[in-house]
Structure formats: C-alpha cells, structure tokens
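Architecture at a glance
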Amino acid sequence: MTKLVNLLTPYEVVGELGAKQFDRDYLRTALASASRQTAVTFWLAVLAQMGVFVLAVFFAVANSSDPKVLGAVLAGGGGGVGACAFAMVRLWREKVATDLTFALVSSLDDGAATTVLNVVLEALRKQQSVRPSAPRVRRA
Amino acid sequence: MNQTNREPYPLSAESRGLVVKQVHLPADCALLLAIPLTMDEFYSDCELGSRKEYARLFRAQLASLPMSQVWTRYERIVVTPALHAVRIARSRGALIYTRASVSDWREAVRARQVVSLVAHWRAAGFTAELIRAAPEIVTDMATSPARVASAMRRAVTDTTSSASALATGLNKALRGSLLSPGGQDGAVWVANDPEQRFEKNWQCLRQEFPGWGLPESGMELSDGSLPASSMADAFPGDYTGTQDLRMCHSVILGEAIKRAAPRSRVVMNQRPVRPHTQLALYGAVLEMLATGRYEFAEAVLALNAAVMRRAR
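The rules behind each value
- Residues numbered from 1 in each chain as written.
- Chains lettered and ligands numbered in written order.
- Predicted model: local features only at pLDDT ≥ 70, side-chain atom pairs only at ≥ 80, totals over all residues.
- Pairing = 2+ DSSP bridges.
- Helix = DSSP H or I, 4+ residues; strand = E, 2+ residues; numbered from the N terminus.
- Axes fitted to C-alpha atoms, helices over the stretch in contact; angles between N-to-C directions.
- Core = buried A, V, L, I, M, F, W, Y, C linked by C-beta atoms within 7 Å.
- Buried ≥ 20, exposed ≤ 12 C-beta atoms within 10 Å, placed from the backbone.
- Domains from an automatic or database assignment.
- Contact = placed C-beta atoms within 7 Å.

Right, let's talk about the pairing of strand β5 (residues 218–221) of chain B for a bit. Consecutive residues of a regular strand have side chains that alternate between opposite faces of the sheet. Residue and element names in this part refer to chain B. In this sheet, β5 lies alongside strand β4 (residues 120–122) in antiparallel orientation, the contact comprising 3 bridges. Paired with H120 across the bridge in β5 is E220. Examined bridge by bridge, β5 and strand β6 (residues 224–226) share 3 bridges and lie antiparallel to one another. In the strand pairing of β6, M219 is matched with L226. In sequence, β5 turns back onto β6 through a hairpin of 2 residues.

Residue and element names in this part refer to chain B. Read across the sheet, 3 strands follow the order β4-β5-β6 without closing on themselves; strand pairing throughout is antiparallel. Edge positions in the sheet fall to β4 and β6, since each has one partner strand and no second. On average, each strand axis in the sheet is tilted by 40° relative to the strand beside it, whichever way the strands run.

Take the nonpolar core next. Within the largest apolar cluster, 82 residues are counted, with the highest numbers of intra-cluster contacts made by L31, L32, V118, A119 and M247 of chain B. In terms of residue count, the dominant contributor to this core is helix α4 (residues 67–91) of chain B (10 residues). Formed jointly, this core draws a minimum of three residues from each of two domains, domain 1 (26–123 + 219–311) and domain 2 (128–216) of chain B. Ignoring sequence-local partners within four residues, the contact set of M247 of chain B consists of L17 and G18 of chain A together with L117, A119, H120, W121, M219 and V273 of chain B. Grouped together as the second largest cluster of nonpolar side chains are 9 residues, L4, Y11, V105 and A113 of chain A included.

Below, the structure written as structure tokens:
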C-alpha cells in the first residue's frame, strides 16, 4: 500500500498557510497508472509462482530417489509458492484499494473527495503501522 | 599615533566594506500567530460571515466530516505544534502575539529586531463563482482592445467552456508569463516565481478592469486581510530588521517589503507552507539562537540545510 499512500499524501489536509488547489485530473491519472502497474506486478507474481512450482516439481522428479534432497526441494518450493501467494494477496488488495479510490475521486465533489482521501490515507497508515499481535493463550 | 585614532568619526564596518556578523538572541525575536488557536476561535472563523478564509478552507476540505472531528484534526495538526512553539519562544524570552492584528504586527516591528509571522496568505484568482457572478469578464475578454485582454484571449481559446474550466485556464495563463510589458517595474524578482507573475498579472487586471470586482490577495490577520503593498508601507526606508514570513508563497510579500526597506532581511519561501513543520523549525531556530552564535536568517538557512541533508 506504500505506493497508494505516497500518491495520496499530497492531498492530506495539513492546514497549509495558503489556498490549495485540488488537482483531480492529476490524481485520477496517477491512480489509473498505479492501478495498471499493480495489475502488471500481480500477473508477474502469478507467473513467478507458476515458475517456482514447475521448478520444484522438476527438481523433485529429478531427485525422487534421494529423500533428503527431495525434502529440501519440496520445502523450498513450498516456501517460494507461499511467498508468491502472500505477495499476490498484498498486490491484489492494493489494486482493489487503488481502484476504489479512483472511483470515489471520479464521482465525488472536491470537498467530499478530499475528505474521503484523508480517511483512506489515515486507514492505510494505521494498517501499515499495525504490528502483529502476540499469539493469544487459550485458557481452559 | 595610528590611523584609526586620527579619525574623528570612525567609519562603520559596513562603510569600510567589512562584514560584521550580527548575532540575534531569542529575546530579539517576536512571534506572531494570526491563525485560530482555540476551539472558540476556530468555530467562529468557520462561520460564513466571519470573512476569514483559513479556517473555512480547512473546514471545506473536510466538508463531509462532523465539525467536532474537523476540530480534533485541526488541533492535532495546527494548534498543538503552535502552542509548543509558543511555549519554547516564551521560555526563551521572545515576544508572543496570538490572534495577531495589524497593530500587533506594527508594534512587534518596532519592538524587536526579528519578527516571525505565521499567517494565512489569501491568494487571489479566478473561481467559477466569480466568473458566474460577473459575466462581463467573458465578454470584456472577448471584445476589449486592452493589451491584457488580448493576452488572455490568446491564453484561453475556448471561452464557451464551463466556468470552472475557464477559471482554471485563466489562472494557469496568469502564472505563465507577464501579460503586460514592464511588469517587473524594478522589483526584486525571486527566481522567476510563478506566484509573483500571477500577482503582477492579477494587479494589472484589477487596474484595467475595475468593474470585474476582482478580490485582492493579502495576508489574513485577526482584524482583516491586508494586501502586500499596505503591509510594506509599515516599514521605514531605513529599516534593518529581519522579517521571517512563514506563510505560503511569501515571496510576494517579501518582495514588497524588500522594495520598501532595501536594507531589511526577509526570510521567505516560494512553496506552500505547512504549519506543523514551520513551527517545529521555528522552535529549533530559537534553540540555535540561544547559543549566541547565530544571526536569525543564518540559523534558518543552516537548519534547512541540515534538514535537507538528513532527508537525503
């Protein structure tokens, strides 16, 4: 979400000591471009995942007689696929958030659009700063 | 007997061409804040009849939020850093004016060598409402033989577009180049600034077409808005103090002050200014001055350079 946060930061209401123009056209162009880039990166992640999977299968078949190597290949392949899946989920969430912001910016008037952008920005920042909580201990 | 002892009226260091480093202490400074700093002030400034732009703009940008949330945000972004800077300045012996008026500012200019002003700059410009309220703007622009009008005609080819698009096009044209020759008028130009060009062109339009009712840009103080020319009139020609203008595009006012008082030092900027950054920097500048080794403008430059280095 860093890219979206960077895009929205100039539109944050920070009480500048002078009039500030809301440049809707620029923001729309930037959001559309960011969405396209995220989509491309997402499909690259899909390809990478498939590649990792195919390589893992290839090495697994090639070393099927050696259980030690086979275990390492499957663990490595599984880890790679998992990392790619994690990246894909993040990219997809970023793309959805960017597309939604684009739709809101296009349909709302200046005041409402600025408010929405600030709310979205605040939510994204909170999301970024959230640290994984400690595992809960279930008590009997 | 040496040469210097024979001089009945020794020349000042400045006359000899020597540079004497002046030192400012926090007690030489005054800080004026002309923005609302309490909830009552903010709420009253947000009312339609208040004729105050700063609070209303802040409110308008967050129009969809309830007023209490707007205030909470304003308090966090503007009020808290402002009060922190006030506490630092007061503890260091600087003179403080909150809700500063024109008379406060004049008094501060007389009382202290360095005057820092945190205020809102009311920028002029065409708006859709202005164009709708004065339809003669479009007709005059299309028919007037005045040089300014023909320059505007060239800049905006389609005068049948919406009022909003027309306003945007006209404002862009005003920032582009000087519409009238000789507009520089011996002024101290700061890095060919588009906001300065805009201001010159706007003044030109106001003179040429008084019937359009174009509003004047100016600095918003607690008792009204003052144009740059009126602000500059407060300075005697031999004024040698330092003006620290912490507002958006302060080159416009800064240039007017330099023209009225050429020996003054003016700390100004070409960019929009965020109060929380500026006020934090102001506190740091006072801490630097307290060491007794800096002149105010020098401290500001040194601090900005350090911040830029760190940002890289």
